[in-house]
Structures are given as structure tokens and as C-alpha cells.
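Understanding the architecture of this molecule
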Amino acid sequence: MKKILSLKMEGITKAFPGVIANRGICLSIHSGEILGLLGENGAGKTTLMNILYGLYRPDEGTILINGEPVVLNSPRDSIRMGIGMVHQHFMLIQNHTVAENITLGYKDAPFFFPLREVEKKLKGFSELYGLEVSARKAVWQLSAGEQQRVEIIKALFRGAHLLILDEPTSVLTPPETADLFEILKRMAKEGHSIIFISHKLEEILTLCNRVVVLRKGEVVGEADTREVDKVALARMMVGRDIVFDLTRKKLTPGDPVLEVDNLTVRGDRGEVAVRELSFSVCRREILGVAGISGNGQRELVEAITGLRPADSGTVRVAGRDVTNSSARLISDYGVSHVPEERIKFGVVPNIMVYENCILKRHHRPPFFRGLFLDYDAVKEHSSRILKSFKVAAPSTSVPVKNLSGGNIQKLILGRELAGEPCLLVAAHPTYGLDVGATEYIRTQLLEHRERGISVLLISEDLEEIFQLSDRIAVMFKGEFMGVIPAGEVNMEDIGLMMAGSKRLEARGK
Ligand SMILES: Nc1ncnc2c1ncn2[C@@H]1O[C@H](COP(=O)(O)OP(=O)(O)OP(=O)(O)O)[C@@H](O)[C@H]1O
Ligand SMILES: [Mg+2]
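Residues numbered from 1 in each chain as written. Chains lettered and ligands numbered in written order. Predicted model: local features only at pLDDT ≥ 70, side-chain atom pairs only at ≥ 80, totals over all residues. Heavy atoms only, no water.

**A few points about the packing of aromatic side chains**
By the definition in use, this model includes six aromatic pairs. Aromatic side chains Phe 125 and Phe 157 sit 5.5 Å apart centroid to centroid with 65° between the ring planes, which places their arrangement in the edge-to-face category. Of this pair, Phe 125 sits in helix H4 (residues 114–129) while Phe 157 sits in helix H5 (residues 144–157), and the two are 32 residues apart along the sequence. Exposure remark for Phe 157: the relative accessible area of 4% places this residue in the buried category. (Phe/Tyr/Trp six-rings, centres within 6.5 Å; stacked < 30°, edge-to-face > 60°. Helix = DSSP H or I, 4+ residues; strand = E, 2+ residues; numbered from the N terminus. Buried < 20%, exposed > 50% of the residue type's maximum accessible area, 1.4 Å probe, protein only.)

**Re the site of ligand 1**
The immediate surroundings of ligand 1 are formed by 19 residues, with Gly 42, Lys 45, Thr 46, Thr 47 and Ser 404 found nearest. In this structure, an oxygen atom belonging to ligand 1 sits 2.8 Å away from a side-chain N or O atom of Thr 46. Counting only elements with at least two residues in the shell around ligand 1, the list comes to strand E2 (19–30), helix H1 (45–52) and helix H14 (405–418). Top element by residues in the shell around ligand 1 is H1. It accounts for three residues. Residue composition of the shell around ligand 1, by class: six nonpolar, 10 polar and three charged. (Near = heavy atom within 4 Å. Polar contact = N/O pair within 3.5 Å; in protein donor to acceptor, adjacent residues only side chain to side chain. Nonpolar A, V, L, I, M, F, W, Y, C, P; charged D, E, K, R; others polar.)

**Re the sheet that holds strand E1 (residues 6–16)**
The strand order E2-E1-E4-E5 describes an open sheet built from four strands, whose pairing is antiparallel. Two strands in the sheet have a free side with no partner beyond their single neighbour: E2 and strand E5 (68–70). Across this sheet, the average inter-strand angle for adjacent strands is 30°, counted without regard to direction. Two elements, E1 and strand E4 (residues 60–65), share five bridges in a ladder whose sense is antiparallel. Its bridge partner being in E4, Thr 13 is matched across the sheet by Glu 60. Sitting on the sheet, H1 is in contact with E1, E2 and E4, with an inclination near 120° to E1. (Pairing = 2+ DSSP bridges. Axes fitted to C-alpha atoms, helices over the stretch in contact; angles between N-to-C directions. Contact = heavy atoms within 4.5 Å.)

**Remarks on the domain arrangement of the protein chain**
You'll often see interface size given as the accessible area lost when the parts meet. Each domain of the protein chain was delimited in the assignment, giving domain 1 (6–238) and domain 2 (251–334 + 424–509). Distance from the C-alpha centre of domain 1 to the C-alpha centre of domain 2: 34 Å. Contacts between the two partners involve 16 residues from domain 1 and, on the opposite side, 12 residues from domain 2. Summed over both sides, the interface between domain 1 and domain 2 buries roughly 940 Å², with carbon and sulfur atoms accounting for 58% of that surface. Counting across the interface, domain 1 meets domain 2 through one salt bridge. Residues Glu 463 and Lys 230 are paired through a salt bridge, measuring 3.9 Å at the closest nitrogen-oxygen approach. (Domains from an automatic or database assignment. Buried area = accessible area lost by both parts, 1.4 Å probe. Salt bridge = Lys/Arg side-chain N within 4 Å of Asp/Glu carboxyl O.)

**Structural notes on unusual backbone geometry**
One non-glycine residue, Ala 318, lies in positive phi territory at about 50°. Examined against the element boundaries, Ala 318 turns out to sit in the loop between strand E14 (312–317) and strand E15 (320–321). Looking at Ala 318, the relative accessible area reads 51%, which means it is exposed. In the Ramachandran plot, Lys 477 falls in the positive-phi region, its phi being about 45° despite a non-glycine side chain. Position of Lys 477 among the secondary structure elements: in the loop between strand E21 (471–476) and strand E22 (479–485).

**Section: the environment of Arg 298**
By the element assignment, Arg 298 lies in helix H9 (residues 297–304). Classification of Arg 298 by relative accessible area gives partly exposed; the value is 30%. Taking the C-alpha atoms as reference, Arg 298 lies 8.9 Å from Ile 458; in sequence the two are 160 residues apart. Discounting chain neighbours no more than four positions away, the residues touching Arg 298 are Glu 340 and Glu 341.

In C-alpha cells, the structure reads:
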């Protein structure tokens, strides 16, 4: 296999029923370069990369490697040419060990003692790029960051010179992201080429040498990252200025809507994940829960929304005890939920957009009449959600799995807010959203707060926490390290609390 010294995509066009995902796209990258690919949700980034990885065939256009045209009919062809891809949703086999997962796609594995060979090579990668993994652990025991390293190693084992990473950081904690960047920079130094997709403009600016911006399937700009800033990139991407600072009106919070008292919840492995936690969220208030994921946030959210039993303690919504009630009952009481794993728990990918728009409310009027669904009402409702949340979809009668990642997230938010809830429990509501959509969703959350709902916001993004929250709680090892009015705390304190090295009690209240 020859090294990829340069790769060019020329005039790439790809249409799906009702949408042209890529239109005459040209893009080039050379050895040692890290190229950022930026664009709004649905701009065509994943489609373009799937073409490069041989998953889709372009309708038009050519791909040249080292100046020679190549035909990539399947991932096998692309792998043979030295192209590797890490998808946004990991594709590892959970019950197999790291070594087994790696050997699965590794054609040069020796027949006898393959593990020994794999471990030897792994050692090499860890020395060369700082890629550390433990070969004998099962995949389900690994953190998201470790799983991602396994995906990268898998691609390297197959001889990848060019590595595509589709939104690799959206599942990583900030320290894991920093580690990943170190690894990618070392890989580039060794002559690899990297294509990096992210919605986080700072990441593109710090990691990449060059950035290509797509809008509605076309290239609308290209820049050297030393010559642009965040504002310029955002403008290139959405064609208008983005407000990075939102204004949050001062409101007097009303009565408590969510009251959690002495709540203890266990995690999947039986360990105590939430420990004797007590707090409340009032009407017209956003309580932001900051913290590195894995500190009990998920279990807390699941216990409140009825997806996981509480060990002890109580959860009350608008004065009603809902501890260990069913998810349906809690939703009927006016609790909406934007889950962390949106593809797994937020939608049913194979059914239509309009059906997904009434999930959890299909058993109630106006959608359910007598014995049947009122399809006119359902379709009208879903068109309204698509319109007001700017979900790009050819129609409401396409399966949700055909939408781009960010558009699925917008659909879930639209659906959850359309129910006029009294409480919204939102886990990472802007994960995977482009800057324009992020601005829109945050404004929506603030508007709903003014209209009187309460929001429990779980986020790892401190900028988001500070923009939206009235009070900030920092979760560490199942406890709050403090619940503090947003104006009385700075980023540095929050950082220390996230690491568990500081505990602050609120002044006053
Ligand atoms: N298999 C498919 N069938 C039909 N339409 C598709 C399919 N895959 C993608 N599309 C459509 O093509 C367009 C581009 O989607 P793509 O996933 O490439 O966007 P993206 O830039 O990766 O967006 P995001 O940032 O939200 O991930 C979207 O309108 C999407 O709905
Ligand atoms: Mg995508």
C-alpha cells in the first residue's frame, strides 16, 4: 500500500430523495495536514465523508489519490487505499475485548497467538502517538474516550494514512478531548492526514491547519485557521452573525416545581451513583448541573423521569410524589425529557418523522380519538414542530434515521417543548448542534423560562451553564459540591468543584 501524499475530491454530487446532500464539492488534503470540516446541521459533512469511506457512491465527481483517480465502491476499497473512519456512533462489539475488536478487521493477524502480535503493535502505537489502551479489557468497561482510542487504533491497524473523525469530541470530556488532540497532532507529524468534523469552533481553530465550510451541500468557504476567528467562521457557516452572548432577564422564581429529597440511586453495576441528594427547581428558573459526565448525572435524570428506580428518598413534581412512578405517568404530569443518548432513547429511528413527533403523547387527545390516531392532527402538529425548530427534513413522512444528527436533536427538543411541560429535564440539549441551532435552542430555553417552566439542565459545557442557569450545581461522585446563584461564582471555582477539590455553600439563601 502506498502512502497517501495527497487526496482530492472533485465535483462530488450526491442526491437523496428530496435533498441534494452534496453539490459539486471540491476538497483536498495532503500528508501531515489536519483539515477541519465545518457546516450547519444537514450541510452534508457526514455524507461527503461516507462517500470517501466507500459507504455511498457519488452521483458525480471523482476522487484522486496521489493524482490518480480511484473508485471506492465499499469501505473495503477505501481501507485498501489507506482511508480510515471513526464514526460518531461507535461500532465496537461491547462484549469482546479490545484486542478481539482490533483483530476482527486486521487481515495480517497471525493464525497462532494473534494476541501477542496485537499487543506488540499496540505498544508501538502507544510509544509513537501516545495512544494508550488496555488490550484485555472488554469494551463495555471502557469510557467513551477509551472506546474512541480503540476505534482509532483499529483504523491504524488496517493501515490508515488518512483518518476521518466525525464529531469525535461530542462524547468526550474536556480532558479526554485534550488527550485526543495531542494524539492527532502526533499522528499528523508522522505524516498522517486527518479530516476532523466538529461544531465547536474553538476546536477547529486550535487543532486544524485549514478549514472547509459547507452550507446546504456546497463549499462556501475555505480558510487557513491562523487567519480567521470564531466570529468569521460562524458567519461563513450560517451567512449571518451569531450572538455568542445571550441576555438573560432577571426573573423572580416562583413556587418549587421539582423537589428532590434525600435521593439515592444506584447505577447499572449496583454502585451508589446518586447519594442522598436534595435540591429543588422553581418556576421561571433554570438550575444548571455542571460536572464531568459519569458522576451520577445520568442516574439522577433517569430517576426523576421514571426510567430508573430510586433506592430511597423522594421526587416530587408540582407537589405530587412521583417517586418510582412510571415514565408515562411522570410525562403525563408535565415532565419533558431530552435524553443524553438521543438515537437510543430519544427517537425510534425506523419510523416516520410525524410518528416520532407524538411519541409519549400518542395515547392522548388531540392525537388519539376513540380507537384510532387522527393522522391529520398528527401531521399538522409535526409540520409545526419542523417549522418552528427549523428541522431540515424533506417531509414529515420520511424515517427519522434519514435526518442528519443535529436535525434529530432539534426534532426531540421541539417535541418536548411543544408539550408545554411544567418541567424540562434536558441532558446536553445542544450536543451536536451547529452554532446557529445552539443559539436558537438556548434562546428557546430562556423564553420558556420566562413563560414559567422550570428547567433542570445537565451540561458539560460551562459556557452553556453560565449563559442559561439561574443557579449552578456541580455534581461530583453522586453529590452536589454546592448549589450557587450564577452571579456569585466564577469558572475557576466551578472547575475546582468539578474535580472534587472544593465545596461551596450558597451564601444567603
Ligand atoms: N441515507 C439517507 N437518506 C436520505 N437522506 C439522507 C440520508 N443521509 C443523509 N441524508 C440527508 O442529506 C443531508 C445531509 O446530511 P448529513 O448527514 O450529511 O449532514 P451533516 O452535515 O453531517 O449534519 P449534522 O451536523 O447534523 O450531522 C440531510 O438533509 C439529510 O437529511
Ligand atoms: Mg453528521
